[in-house]
Amino acid sequence: MHIADMHIKETDTLLFIGDSITDAGRDRTDSASLGSGYVREIAQTLHARAGDGPGPAVINKGLNGNRVYDLEARWTTDVIDHRPTVVTVKIGINDTWRRYDRGLLSPVDEFEACLDRLLADTTRQLSARLVVITPFLLPVTPDQKEWFEDLTPRTEAVLRAAQANGAQVVRADLALLRAAETKEAAELAPDGVHPSPLGHRIVADAWLTAVDSRLLGE
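Attention here is on the structure that accompanies the text.

Quick notes on the rules
Residues numbered from 1 in each chain as written. Predicted model: local features only at pLDDT ≥ 70, side-chain atom pairs only at ≥ 80, totals over all residues. Heavy atoms only, no water. Core = buried A, V, L, I, M, F, W, Y, C linked by side-chain atoms within 4.5 Å. Buried < 20%, exposed > 50% of the residue type's maximum accessible area, 1.4 Å probe, protein only. Helix = DSSP H or I, 4+ residues; strand = E, 2+ residues; numbered from the N terminus. Contact = heavy atoms within 4.5 Å. Salt bridge = Lys/Arg side-chain N within 4 Å of Asp/Glu carboxyl O.

1. Some points on the nonpolar core
Alright, step 1. The biggest cluster of nonpolar side chains holds 37 residues, and the ones touching the most others in it are Leu14, Phe16, Tyr38, Ile42 and Trp207.
Alright, step 2. Of all elements in the fold, only strand S1 (13-18), helix H2 (38-50), helix H4 (93-101), strand S4 (129-133), helix H7 (172-179), helix H8 (185-188) and helix H9 (197-211) reach the threshold of two or more residues within this core.
Alright, step 3. In terms of residue count, the dominant contributor to this core is H9 (seven residues).
Alright, step 4. With sequence-adjacent residues up to four places away left out, Trp207 is seen in contact with Ile8, Leu14, Phe16, Ile42, Leu46, Thr88, Val131, Ile133, Val170 and Asp212.

Right, here's the structure in full:
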């Protein structure tokens, strides 16, 4: 895809899938609910740009607590069946977190193989652009710093799976780390994991800059 073609069209259907960071408190009984996080921020920006037009359709399929294996279990019904034209995946922090709070392991090689299957399956079944958002952590407690032992290789696995499947990458981890140079970590993610409204806006801006070339020069 040429960079000039890398923009979102009003005819696109954007589907976001992931864990609680994507979920962001959406109403499960309302298919139009986008939650209060980065998905809603992206949708509002795109719809504002559309002016009098409807803007692209946006679907949020985030579910709090999900690990990559949970995504695989619902991939057909929550992704493929909606026939989206742009699929964004944000997953990985719970695969790390559960190791430390429950002793529930998600070996990085198995995690990577699962994510790779999901991306490859999407490419086989849909003519959709793939976007992968990296997992992130802004430690607010000393013990959270230990999580990077697990999260750093997991992030590298996310990048490999994205590259292997031609997915665009949104480096939310780097965007938030840059923001943390001038802001307290708790201002961006009060518990180190779940973004504040400011944190969600930073993730949304990183997605818009990476995915829609019209923002690259702004």
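Here the narrative resumes, following the displayed structure.
2. Some details on the environment of Leu34
Alright, step 1. Tracing the backbone through its elements, the reader meets Leu34 in the loop between helix H1 (20-23) and H2.
Alright, step 2. You can call Leu34 buried: its relative accessible area is 14%.
Alright, step 3. Between the C-alpha atoms of Leu34 and Thr22, which are twelve residues apart in sequence, the distance is 8.8 Å.

3. Comments concerning the pattern of salt bridges
Alright, step 1. In total, this model carries 14 salt bridges according to the counting rule given.
Alright, step 2. Between Asp78 and Arg74 there is a salt bridge, with the nearest N and O atoms lying 2.7 Å from each other. Pair noted here: Asp78 and Arg74 are both in helix H3 (residues 68-78), with a separation of four residues, about one helical turn. There is no split in this pair, since Asp78 and Arg74 are both buried.
Alright, step 3. Its salt-bridge partner being Asp121, residue Arg124 comes within 3.5 Å of it at the nearest N-O pair. Taken together, the positions of Arg124 and Asp121, both in helix H5 (residues 108-125) and three residues apart, correspond to about one turn of that helix.
Alright, step 4. Given the relative accessible area of 62%, Arg124 is considered exposed.

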